[in-house]
Number of protein chains: 2
Amino acid sequence: MDALVLRGQIVYAPFPKKLTVRPDAYLVAEGGRVADVYDALPEAYAGVRVEDWGDCLIVPGFNDLHVHAPQFPNRGLGMDKELLPWLNAYTFPEEAKFRDEAYARRVYGRFVRELWRVGTTRAAVFATVHAPAARILAELMGEAGLGGFVGKVNMDRNGPDDLIETTGASLAETERFVEGFAEGRVRPILTPRFAPSCTEALMRGLGGMAARRDLPVQSHLSENEGEIAWVRELHPWARDYASVYDAFGLFGQTKTVMAHCVHVTDDEIALMLRRGVYVAHCPFSNLNLASGIAPVRRFLDEGLNVGLGSDVSGGHRLSMTDVMASAVECSKMRWKYVDGRAPLTTAEVLYLATKGGGSFFGRVGSFEPGYAMDCLVVDDARLSDETPRSPEERLERFIYLGDDREIRARYVDGALLSEPRGG
Amino acid sequence: MDALVLRGQIVYAPFPKKLTVRPDAYLVAEGGRVADVYDALPEAYAGVRVEDWGDCLIVPGFNDLHVHAPQFPNRGLGMDKELLPWLNAYTFPEEAKFRDEAYARRVYGRFVRELWRVGTTRAAVFATVHAPAARILAELMGEAGLGGFVGKVNMDRNGPDDLIETTGASLAETERFVEGFAEGRVRPILTPRFAPSCTEALMRGLGGMAARRDLPVQSHLSENEGEIAWVRELHPWARDYASVYDAFGLFGQTKTVMAHCVHVTDDEIALMLRRGVYVAHCPFSNLNLASGIAPVRRFLDEGLNVGLGSDVSGGHRLSMTDVMASAVECSKMRWKYVDGRAPLTTAEVLYLATKGGGSFFGRVGSFEPGYAMDCLVVDDARLSDETPRSPEERLERFIYLGDDREIRARYVDGALLSEPRGG
């Protein structure tokens, strides 16, 4: 029997409101899927070796719903700029380098190893416009055992010459890119960069491809007020930013995630809800690029699908624990200065970083039966003190203080992941 | 000749507006004080061994202007609470344990070692009401070679029974505490916890002691709106919160630092300016306790003395690089949501964490001639990428991404500090 049994202090968030805590419990998986969590190991598993992690916490693997792999070398740089100048000064020049496949292999190798280190087990990733480099990224993530979506970026206007494609080539390259995927847990995703980078013809073509091939879509929505004004100018016929994507079949006609959504309108929220569009909330990026803070409490109250994104390198930290802490901090500032809505709790940000975002990848991000057996073993001895702390408190402390040094093991679909060589 | 010569990529902030960068330069100290920074080593130092740190950055040691050592075990816990409930649920119960000197020695040992690790070379530290434990803390900081001020906390009202002192005992214990200090770079500081914890008699007594013995003072000011209303209720005669301290000689009559100052009025700012009172800006704590964000840009524009504080454990991170990044992030949210004043820059937060706060300790926090030779050697290889980066960019990246793993060496007053045993 292909069973896996981990024993430890099991904490997960099947709902946003409250953590489920199972001290000294057994997390059992079969065929890479969670069977259940048991206080005593059932007779049926008597022959299976128990991986006893003692006092370690066992939590679901983290899901990063928005990250730009080629911007990995830029993280922590250019933090004194807003979105559009930052794109031109740092992001576009770096992305242009990924024409060079050897460079891409090295940088993406480092990126994948760092994902592994920080315990991100699945991610929705932007590559660059260069399909060969994007293929390398998908291959490296697959080899590392990580899951998620990788997108070759599309942009056929308003970018530097060395990143702009013709509309026809962009579509043709994308079609070849998605066809090139073998089966596996890394899948392709259509990735129009954002409306200002894509002509209507390109968006129409991508929307058609999404429908025809049932491909998911990722892009950016309403991050910055200058960006929104620009979209209005480019598409004067559209009611709002979301309607631009929607008109071309890129807004929930297939599974869709939109990063940021800081300044979305009531109409846009209503459309997202109707279409099941995901929000990738990226708190560090909201802060660093001074975009403002997305109204996450409202999104949750309205029933939207929400996950968290590191948004490297608009966000400077790849680690989802850092992103979680920042999401709580941001929500407190919205409470204080913007709308008086309740801040996010520790349970809620764990939910967002696991099951909330994980559902974009399938049954991912929880230890409920049938979920992918993605988990992290967390040894928080370095953070501990003399007072006994509950698993809930230890989880909170790990989120606020921990880093890759606390993560002892990572499993995806029931497989223990060894450290990737890359980079 | 008692000279020390370090060679490396030297970066410091003698002014808030711009970094001083001296690539491949020599930082020379004599008798623990900076002589100067040279592009070529002067003849006079020809016989001195050069400690060549190659491509490492050399920056001033960090100064933490507000930190509670006994709250070290609580960092990252209770982050779902505001100031007053958080004090009662987490802070006071932990502080009560410091009656036990053996416990104090263990926890303070860990705290001091962590200060060393994260590159904080001087700090203004709150202990608890327990003078013996506070003495142990000062002793451990001194043994580790760190500098700064340690205060035995005073509180004779509105606290739990096991932390409240009588007015007379509080004053007498404090007098003995300050008398017990030997010469050295760890000095005593008067530490009325905050106005609501101190009767007017206690504050009057402490103000007298400050004047009589020329002792510095540290406390809290205007962190939270509930706290401010409480102070108004307790001292109906006072024009504002600052006037309470001022009436008792605890507001700049001697060197004074006030943590937070989130909600200070125009009058309070004017008084702080007149009296040279320092602000210890604690961005993480502003966020975690949802107090609001202190108007740091305004403080700088008005010419106030400002430094940064970790405020462990209202702040969860002891590392000043984390505090610097958070200060920039907070300033962006104030720009966006509160007052439209320009966000802080990387140069400005380095200034605040070095010379800005450092001046509270004397000529500390810069590499100008005559300054204490406090510095850190930073090896950022782990954070680097293939693109050559300027020292300014590398500093920014270290602030945003780095941690104790990047710090290769720490010097205080020209002495290399070895890792403290403690804890």
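Residues numbered from 1 in each chain as written. Chains lettered and ligands numbered in written order. Predicted model: local features only at pLDDT ≥ 70, side-chain atom pairs only at ≥ 80, totals over all residues. Heavy atoms only, no water.

**Remarks on the sheet that holds strand β17 (residues 415-416) of chain A**
Residue and element names in this part refer to chain A. To keep it simple, the criterion reads: Paired strands are those between which DSSP finds at least two bridges. Going along the chain from the N terminus, every DSSP run of H or I of four or more residues is numbered as a helix, and every run of E of two or more is numbered as a strand.
Reading across the sheet, the seven strands line up as β3-β2-β1-β4-β15-β16-β17 and stay open at both edges, with mixed pairing between neighbours. Either end of the sheet is taken by a strand with one partner, and the two such strands are β3 (33-38) and β17. The sheet contact formed by strand β4 (residues 50-60) and strand β15 (residues 375-378) spans four bridges and is antiparallel. The residue of β15 that forms the bridge with L57 is V378.

**Description of the domain arrangement of chain A**
Residue and element names in this part refer to chain A. Selection rule: Domain segmentation is taken from an automatic or database assignment of domains. Whether two residues are in contact is decided by their heavy atoms, any of which lying within 4.5 Å being enough. Reported buried area values correspond to the accessible surface (1.4 Å probe) lost by two parts on association, with both partners' losses combined. What counts as a salt bridge is simple: a side-chain nitrogen of Lys or Arg found within 4 Å of a carboxyl oxygen of Asp or Glu. Polar contact is the term for a pair of N or O atoms within 3.5 Å; when the atoms are in protein, one must be able to donate a hydrogen and the other to accept it, and sequence-neighboring residues count only if both atoms are side-chain atoms.
Examined at the domain level, chain A breaks down into domain 1 (3-61 + 365-416) and domain 2 (62-361). For domain 1 and domain 2, the distance between their C-alpha centroids amounts to 29 Å. Contact with domain 1, which involves 30 residues of that partner, is made by 26 residues of domain 2. Both sides of the domain 1 and domain 2 interface together cover about 2,300 Å² of buried area, and 61% of this is carbon and sulfur. On the domain 1 side of the contact with domain 2, P16, I399 and R410 bury the most area, a combined 26% of that side's loss. The interface formed by domain 1 and domain 2 contains five salt bridges. For the salt bridge of R122 with D413, the shortest nitrogen-to-oxygen distance reads 2.7 Å. At the boundary of domain 1 with domain 2, the tally comes to eleven residue pairs in polar contact (both at pLDDT 80 or more). Counting only elements with at least two residues in the side of domain 1 that touches domain 2, the list comes to β4, α13 (391-401) and β16 (407-412). For the side of domain 1 that touches domain 2, the element with the highest residue contribution is α13, accounting for five residues.

**Re the side chain of A:E406**
Residue and element names in this part refer to chain A. One can find E406 in the loop between α13 and β16. Within the structure, the side chain of E406 is placed 2.6 Å from the side chain of R382, a separation counted as a polar contact. If we ignore the near neighbours within four places in the chain, the residues touching E406 are V377, V378, D379, D380, R382, L383 and F398.

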